[in-house]
Number of protein chains: 2
Amino acid sequence: MLETNEVELCARYDALIHFVESALLAAGAAEDPAQSVARALAGASLRGVDSHGVRLLPHYCRVVQGGRINGAPRLSIERPSPAVAVVDADNGFGHHASYAAITEGVDLARTNGIAAVSVINSSHFGAAGCYVLEAAEQGFVALGFSNSDSLVLPHDGTQPFHGTNPLAFAAPVMGERPFLLDMATSIVPWNRIQDYRTKGLKVPEDTGVDAMGQMTTDPEKVHALLPVGALQHGYKGAGLASMLEVFSAVLTGMPHCSQLLSMASGDISTPRHLGHFFIVINPSAFVPKPIYDIGMAAYLADLRASPARANSKVMAPGDREWQRSDDRSENGIPVSPGLNLEFKTLAHALGIACPDYIQRR
Amino acid sequence: MLETNEVELCARYDALIHFVESALLAAGAAEDPAQSVARALAGASLRGVDSHGVRLLPHYCRVVQGGRINGAPRLSIERPSPAVAVVDADNGFGHHASYAAITEGVDLARTNGIAAVSVINSSHFGAAGCYVLEAAEQGFVALGFSNSDSLVLPHDGTQPFHGTNPLAFAAPVMGERPFLLDMATSIVPWNRIQDYRTKGLKVPEDTGVDAMGQMTTDPEKVHALLPVGALQHGYKGAGLASMLEVFSAVLTGMPHCSQLLSMASGDISTPRHLGHFFIVINPSAFVPKPIYDIGMAAYLADLRASPARANSKVMAPGDREWQRSDDRSENGIPVSPGLNLEFKTLAHALGIACPDYIQRR
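Everything quoted here is computed from the prediction, not taken from an experiment. (Residues numbered from 1 in each chain as written. Chains lettered and ligands numbered in written order. Predicted model: local features only at pLDDT ≥ 70, side-chain atom pairs only at ≥ 80, totals over all residues. Heavy atoms only, no water.)

**Details of the interface of chain A and chain B**
Taken together, the contacts link 82 residues of chain A with 82 residues of chain B. At the boundary of chain A with chain B, total buried surface from both sides reaches about 6,300 Å², with 71% on carbon and sulfur atoms. Applying the counting rule to chain A against chain B returns zero salt bridges. The tally of links from chain A across to chain B stands at 20 residue pairs in polar contact (both at pLDDT 80 or more). Counted by class, the side of chain A that touches chain B contains 51 nonpolar, 25 polar and six charged residues. (Contact = heavy atoms within 4.5 Å. Buried area = accessible area lost by both parts, 1.4 Å probe. Salt bridge = Lys/Arg side-chain N within 4 Å of Asp/Glu carboxyl O. Polar contact = N/O pair within 3.5 Å; in protein donor to acceptor, adjacent residues only side chain to side chain. Nonpolar A, V, L, I, M, F, W, Y, C, P; charged D, E, K, R; others polar.)

**Here we look at the packing of aromatic side chains**
Inspection of every chain in the model, using the stated rule, returns 24 aromatic pairs over all chains. Considering the side-chain rings of phenylalanine 125 of chain B and tyrosine 131 of chain B, the 5.2 Å spacing of their centres and the 35 degrees angle between planes classify their relative orientation as tilted. When sorted by exposure, phenylalanine 125 of chain B lands in the same class as tyrosine 131 of chain B, which is buried. Grouping aromatic residues by their ring pairs yields a cluster made of Phe145, Phe247 and Phe277 of chain A together with Phe169, Phe179 and Phe286 of chain B. The ring centre of tyrosine 99 of chain B lies 4.1 Å from the NZ or CZ of arginine 39 of chain B, which sits over that ring. (Phe/Tyr/Trp six-rings, centres within 6.5 Å; stacked < 30°, edge-to-face > 60°. Buried < 20%, exposed > 50% of the residue type's maximum accessible area, 1.4 Å probe, protein only. Lys NZ or Arg CZ within 6 Å of the ring centre and 35° of its normal.)

**Description of the sheet that holds strand β2 (residues 76-81) of chain A**
All names here are of chain A. Judged by pairing direction, the sheet is mixed, and its seven strands sit side by side in the order β2-β3-β4-β11-β5-β6-β7 without closing on themselves. With partners counted over all chains shown, the strands left at the sheet margins are β2 and β7 (179-184), one partner each. Strand-to-strand twist of the sheet, defined as the mean angle between neighbouring strand axes without regard to direction, takes the value 15 degrees. Helix α8 (residues 289-304) contacts β5 (141-146), β6 (166-171) and β7 of the sheet and is inclined by roughly 60 degrees relative to β7. (Pairing = 2+ DSSP bridges. Helix = DSSP H or I, 4+ residues; strand = E, 2+ residues; numbered from the N terminus. Axes fitted to C-alpha atoms, helices over the stretch in contact; angles between N-to-C directions.)

**Remarks on the pairing of strand β11 (residues 274-281) of chain B**
All names here are of chain B. For β11, the buried fraction is high: eight of the eight residues fall into the buried class. Here β11 shows no split at all, with Leu274, His276, Phe278 and Val280 on one side and Gly275, Phe277, Ile279 and Ile281 on the other all buried. Across seven bridges, strand β4 (residues 114-122) lies against β11 in antiparallel orientation. Bridge pairing in β11 links alanine 115 to valine 280. Pairing of strand β5 (residues 141-146) with β11 involves six bridges; the strand directions are antiparallel. Its bridge partner lying in β11, alanine 142 is registered against valine 280.

**A look at the relation of the copies chain A and chain B**
There are two copies of the chain, and a rotation about an axis plus a shift along that axis relates them. With an axial shift of 0.0 Å and an RMSD of 0.0 Å, the rotation relating chain A to chain B amounts to 180 degrees. What the rotation and shift describe, once combined, is the action of a two-fold rotation axis. No C-alpha of chain A approaches the rotation axis more nearly than that of glycine 229 of chain A, which lies at 2.5 Å. Taken as a fraction of all interface residues of chain A, those also at the interface in chain B reach 100%, which identifies the copy contact as same-surface. (Least-squares fit on C-alpha atoms with pLDDT ≥ 70 in both.)

**Details of the pattern of salt bridges**
Residue and element names in this part refer to chain A. One pass over the full model with this rule turns up 20 salt bridges over all chains. Linking aspartate 149 and arginine 272 is a salt bridge whose minimum nitrogen-to-oxygen distance equals 2.6 Å. With aspartate 149 in the loop between β5 and β6 and arginine 272 in the loop between α7 (230-250) and β11 (274-281), this pair connects stretches of sequence that are 123 residues apart. One exposure class covers both aspartate 149 and arginine 272, and it is buried. For arginine 304, the salt bridge is made with glutamate 176, and the minimal N-O distance between the two is 3.1 Å.

**Let's talk about helix α7 (residues 230-250) of chain B**
Note on helix geometry: an α-helix contains 3.6 residues per turn, so any two residues three or four positions apart are oriented the same way. All names here are of chain B. Here α7 contains 21 residues, and its C-alpha end-to-end distance of 26 Å is more than 12% below the 30 Å for a straight helix at 1.5 Å per residue. Its axis deflected by about 35 degrees at lysine 236, α7 carries its strongest bend there. Most of α7 is tucked away, with 18 of its 21 residues classed as buried. (Expected span 1.5 Å × (residues − 1). Bend = angle between axes of the 7 residues up to and from the residue.)

**So, the sheet that holds β4 of chain B**
By way of backbone hydrogen bonds, the strands of a sheet pair with one another, either parallel or antiparallel. Residue and element names in this part refer to chain B. Pairing within the open sheet is mixed, and its seven strands lie in the order β2-β3-β4-β11-β5-β6-β7. The open sheet is flanked by β2 (76-81) and β7 (179-184), the only strands paired with a single partner. Strand after strand, the sheet turns through a mean of 15 degrees between neighbouring axes, direction not considered. Lying on the sheet, helix α8 (residues 289-304) is in contact with β5, β6 (166-171) and β7; it crosses β7 at an angle near 60 degrees.

**Some words on the packing of helix α3 (residues 57-66) of chain A against helix α10 (residues 337-350) of chain A**
Residues and elements named next belong to chain A. Orientation of α3 relative to α10, taken along the N-to-C sense of each, is 35 degrees, at an axis distance of 10 Å. Considering the relative orientation of α3 and α10, their crossing is left-handed. Along its contact with α3, which presents Leu57, Pro58, Cys61 and Gln65, the element α10 presents Glu342, Phe343, Leu346 and Leu350. Classifying every residue of the contact of α3 with α10 by side-chain character gives six nonpolar, one polar and one charged. (Left-handed = near helix turned anticlockwise from the far one by under 90°.)

Right, dumping it as structure tokens:
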């Protein structure tokens, strides 16, 4: 938990939006991509998804300066079939291309009932949830997929092969914020291991393996993560990761997981050519809006009313994120001492001001 | 493993197709639905998916005789949007309506690039993999979803809420049989528990809970299954199950998991009104066919070449099923002594011949 009773450094959403945008502009990005990245990162941080929030900014500044990411891409959008669009990200920020893909998807799904949009020649797009959420806020159901470089064992494997390949899904809920599922197909995100390292804690059993493919609880030795389902049922997580490769690499003509340049690679001048894939659905093409709204409300009410374990509560996908979002809208988004230091260094190097901080109550 | 070195009762695929069809016709089903069910069940058995294979026949005969399932449905198909179809199963067999949905989906995806088909007023459809496989064999990528009655805990819950809600995905592979993922979002299928009961074995830790929601390894006491990810990471499996409710119930206007009449209910005269949802994609709408084929081949080759644990092999989704299929095509599909007894009783009651058996080598 980032929330503690101690006073900690926090920033308002707007202040982070401003800081991310200023930094990216100073690092050489054009206005449109800088705005997209700011919105995606600050939004993820607001919802408590710190792994994919503003902590990514220093990395993004480095790779746009290094040339891996084209700061001023010319997106090209084609519509090769009536319900399909292909967005060429021109090696720019994945966030920028992905928001554009959702705009296309919503437009095409409005008339066709369903649409698919692939994104080619892209880069890391932050939290997959950002884009399906955008569709849901406009009244559409959406799925979003991406692959990433090798960090996760295939089932029965000993070496990393798949990425943490995320699957995101969102759907509108009348009178509420959207249903939102945003999950890696690995058992935990990679930065969870980094957390254990920082804190000197053991990694739970059945989470990661060392360079020889042997289970380890030593965070310094974790070389790869298990897929969802762990050793015994990992064919499910690995199967989902495989499915996401078909969507993100095979259907886009982009390299697959093990062919991708690592995000953490020292080579920051070579584009990575990631692919993403979005499916957008117009609920009204299937059932009248009142039927959809009543069905969704009834399902969520029954789910949330399910008997829970002691000291817990059964939540719907997104409930935790929206709770965090309410808290952080009111009290600010925590910025850890380490991240604050990185922000200071970055601001100094780019000649911009640090974010405005507030004290969390 | 069903395969042992002992001689056991086996039947050829064609013999099982003939037996299932004859039984359903005798039980009052019309020819089209009987053929669809026979194809789905014998196909699942051939691929080694015994939980969703011919063992379901006696149940299906009972419910069609009881009136829960309409043996002679009039499917009605509407196309409310250019890339959407809605198949009304008229309370008939889910298998029949789902094959029809795939035919619609392939037809619509061929011209639109992607299509979605919902199935309403349906019933149990057997293995979800059957239908996406049908699309893949015609050169299309497909996703298939269904919900089912409460057997699985929500994350942090103590009582069953979601069904074992399956997610299936298939994609064509040039020169090979399709990529095929067909997974329940529960940690294991329910019939695995029944297996442990029959064999008097303990259920592995972190698999099921008793009626009070407490973990148990006693198969007689298992009242609900954990979602994929188990206690610690079950928010992933439960999140996927939730997503499938949105597709199968909310977007179809059908009842959700906890509102559904249990498949095992003694009431065999009331229709269950299940919903299914299929998404079909034409790969050629996204990339030229040679790019797709080369990308898929390269991905699968790299996955299968991944270093494996001792005495195992990294497999692609479907590899195990196709191995089984080859073996069972050659040597026959095993029919357990218990199932043989059920078949005998059924054949006698319906006045039809038992399946032709062969001896497995």
